[in-house]
Amino acid sequence: MTDTICVGAIAGAFGVHGEVRLKSFTADPYAVEDYAPLTTEDGSRSFEIQILREVKNGFAAEISGVTTKEQADALRGTRLFAPRDRLPNLPDDEYYHADLIGLAVFDTGGAPLGTVHAVHNHGATDLLELQVPGLSRTVLLPFTMAVVPTIDLTAGRIVADPPEGLFDEA
């Protein structure tokens, strides 16, 4: 498990006075500012955050040290991280995406299926993107209780019962 969790990202400048468009990845989107100061992935920069208002696809926000549109634009794509100990503990059936990435996935018979490369959500449900040995493409596995009945973070493994045909070569 990682010591920091990605809780947001800067999508670029918003306006001409140094405000940024902020995407929040927290369950309560406004909570992203509660976890400040937030850092860059490598920890080299730290930012205080103040949400000003909702805008399309996120928030307009002020971040410490950014006063011009050019400074805000330079931060486009910067992911913002909070220390894990500042975040709430999750119920037993919920997980931080960062904890799932890199876990080995096995089928119910113990055969390896792949490794979690990323976690996506396109509206309906989360999807685990698996890197599968021997395949040049990745496989998207629905992240539901029916398909993924067991997650063992301590052992670093997931047991899945994938839909028939999901792992057939295309």
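Here is what the cut-offs are and how they apply
- Residues numbered from 1 in each chain as written.
- Predicted model: local features only at pLDDT ≥ 70, side-chain atom pairs only at ≥ 80, totals over all residues.
- Heavy atoms only, no water.
- Helix = DSSP H or I, 4+ residues; strand = E, 2+ residues; numbered from the N terminus.
- Buried < 20%, exposed > 50% of the residue type's maximum accessible area, 1.4 Å probe, protein only.
- Polar contact = N/O pair within 3.5 Å; in protein donor to acceptor, adjacent residues only side chain to side chain.
- Contact = heavy atoms within 4.5 Å.
- Pairing = 2+ DSSP bridges.
- Axes fitted to C-alpha atoms, helices over the stretch in contact; angles between N-to-C directions.
- Salt bridge = Lys/Arg side-chain N within 4 Å of Asp/Glu carboxyl O.

Asker: Now, about the side chain of Thr 40: what can you tell me, with residues and values included?
Answerer: Within the secondary structure layout, Thr 40 lies in the loop between strand 3 (38-39) and strand 4 (46-47). For Thr 40, a relative accessible area of 11% gives the class buried. At 3.3 Å, the side chain of Thr 40 forms a polar contact with the backbone nitrogen of Ser 44. For Thr 40, the residues in contact, after removing those within four places along its chain, are Arg 45, Phe 47, Thr 78, Arg 79 and Phe 81.

Asker: Which residues make up unusual backbone geometry, and what values do they have?
Answerer: Excluding glycine, residues mostly carry a negative phi; peptide bonds, for their part, are mostly trans. For the bond running from Ala 36 to Pro 37, omega is 5°, close enough to zero to count as cis. Tracing the chain through its elements places Pro 37 in the loop between strand 2 (20-24) and strand 3. Although it is not a glycine, Asn 57 adopts a positive phi angle of roughly 60°. For Asn 57, the position within the fold is in the loop between strand 5 (49-55) and strand 6 (58-63).

Asker: Got a sec to walk through the environment of Leu 75? Specific residues and values, please.
Answerer: Note on placement: Leu 75 falls in the loop between helix 1 (69-74) and strand 7 (79-83). Overall, Leu 75 belongs to the buried group, its relative accessible area being 6%. Taking the C-alpha atoms as reference points, Leu 75 and Pro 133, separated by 58 residues in sequence, lie 36 Å from one another.

Asker: Any chance you could break down the sheet that holds strand 9 (residues 112-121) for me, citing the residues and the numbers?
Answerer: Spatially, 11-10-9-8-13-12 is the arrangement adopted by the six strands of the open sheet, whose pairing is mixed. Taken across any chain shown, the strands that pair with only one partner, and hence form the sheet edges, are strand 11 (138-142) and strand 12 (150-152). Here the average twist between neighbouring strands, direction ignored, is 35°.

Asker: So what about the pairing of strand 8 (residues 104-107)? Which residues, and what values?
Answerer: Pairing between strand 8 and strand 9: three bridges, direction antiparallel. Each residue of the ladder has a partner; that of Ala 104, found in strand 9, is Thr 115. Between the end of strand 8 and the start of strand 9, which pair antiparallel, lie four residues, with Gly 110 showing a positive phi angle near 95°. Across four bridges, the pairing between strand 8 and strand 13 (residues 157-160) is parallel. Note that in strand 13 the partner of Asp 107 across the bridge is Ala 160.

Asker: Report on the pairing of strand 2, specifying residues and quantitative values.
Answerer: What you see with strand 2 is a clean split: Val 20, Leu 22 and Ser 24 sit on the buried side and Arg 21 and Lys 23 on the side with no burial. Examined bridge by bridge, strand 1 (residues 4-13) and strand 2 share five bridges and lie antiparallel to one another. From the neighbouring strand, Gly 8 faces strand 2, where its bridge partner is Ser 24. When strand 2 meets strand 6, the two strands line up antiparallel, connected through three bridges. Looking at the pairing, Arg 21 lines up with Ala 60 of strand 6.

Asker: Tell me about the pattern of salt bridges, residues and numbers included.
Answerer: Going through the model one piece at a time under the given rule, you end up with five salt bridges. The residue Arg 79 makes a salt bridge to Glu 41 at a minimum N-O spacing of 3.0 Å. Taken together, the residues Arg 79 in strand 7 and Glu 41 in the loop between strand 3 and strand 4 connect sequence positions 38 residues apart. When its relative accessible area of 54% is taken as the criterion, Glu 41 is described as exposed. Asp 73 is paired through a salt bridge with Lys 69; the nearest N and O atoms lie 2.7 Å apart. You can see Asp 73 and its partner Lys 69 sitting in helix 1, four residues apart, about one turn around the helix. Its relative accessible area of 31% is what places Lys 69 among the partly exposed residues. Overlapping salt bridges bring together Lys 69, Asp 73 and Arg 76 as one network.

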